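An overview of the molecular structure
Spelled out, the chains give:
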Amino acid sequence: MKKYVCEVCGYVYDPEVGDVDNGIEAGTKFEDLPEDWVCPPCSMGKDVFAEEN
């Protein structure tokens, strides 16, 4: 599964880890995150994330 990085703060969303603190289970693909999910450290939306190379 692909990782995505926040272009504002550098947080990396790793689907193998998820975002358990915010109710996102491990194994959740970035594409399957709710539209209202925000970056945990900086609260920016999914639109500022880019696929990690």
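The rules behind the values
Residues numbered from 1 in each chain as written. Predicted model: local features only at pLDDT ≥ 70, side-chain atom pairs only at ≥ 80, totals over all residues. Heavy atoms only, no water. UniProt positions renumbered as here; feature names shortened; annotations may be inferred. Helix = DSSP H or I, 4+ residues; strand = E, 2+ residues; numbered from the N terminus. Salt bridge = Lys/Arg side-chain N within 4 Å of Asp/Glu carboxyl O. Phe/Tyr/Trp six-rings, centres within 6.5 Å; stacked < 30°, edge-to-face > 60°. Buried < 20%, exposed > 50% of the residue type's maximum accessible area, 1.4 Å probe, protein only. Polar contact = N/O pair within 3.5 Å; in protein donor to acceptor, adjacent residues only side chain to side chain. Contact = heavy atoms within 4.5 Å.

- The protein chain has the name Rubredoxin in an unreviewed UniProt entry, where Psychrilyobacter piezotolerans is given as its organism.
- Heading Sequence similarities (unreviewed entry) of the UniProt record for the protein chain holds this comment: "Belongs to the rubredoxin family."

Side note on the environment of G23
- Summarising the element assignment, G23 is placed in the loop between β2 (12-13) and β3 (49-51).
- Considering only alpha carbons, one finds G23 and W37, 14 residues apart in sequence, at a separation of 9.9 Å.

Brief notes about the pattern of salt bridges
- With the rule as written, the count across this model stands at 3 salt bridges.
- Measuring nitrogen to oxygen at the nearest pair gives 3.7 Å for the salt bridge that ties K2 to E51. Of this pair, K2 sits in the segment before β1 (4-6) while E51 sits in strand β3, and the two are 49 residues apart along the sequence.
- Here K3 and D14 are joined by a salt bridge, their closest N and O atoms 3.8 Å apart. With K3 in the segment before β1 and D14 in the loop between β2 and β3, the pair connects residues that are 11 residues apart, well separated along the chain.

Some remarks on the packing of aromatic side chains
- What the rule picks out here adds up to 7 aromatic pairs.
- With a centroid separation of 6.5 Å and an interplanar angle of 85 degrees, the aromatic rings of Y11 and F49 are classed as edge-to-face. Of the two residues, Y11 sits in the loop between β1 and β2 while F49 sits in strand β3, which places them 38 residues apart along the sequence.
- With centroids separated by 5.4 Å and ring planes inclined at 40 degrees, the aromatic side chains of F30 and F49 adopt a geometry described as tilted.

Observations concerning the side chain of T28
- If you trace the backbone, T28 turns up in the loop between β2 and β3.
- T28 sits in the buried class, given a relative accessible area of 18%.
- There is a polar contact of 2.7 Å between the side chain of T28 and the backbone oxygen of E25.
- Residue contacts for T28: discarding those within four places in its chain leaves Y13, P15 and L33.

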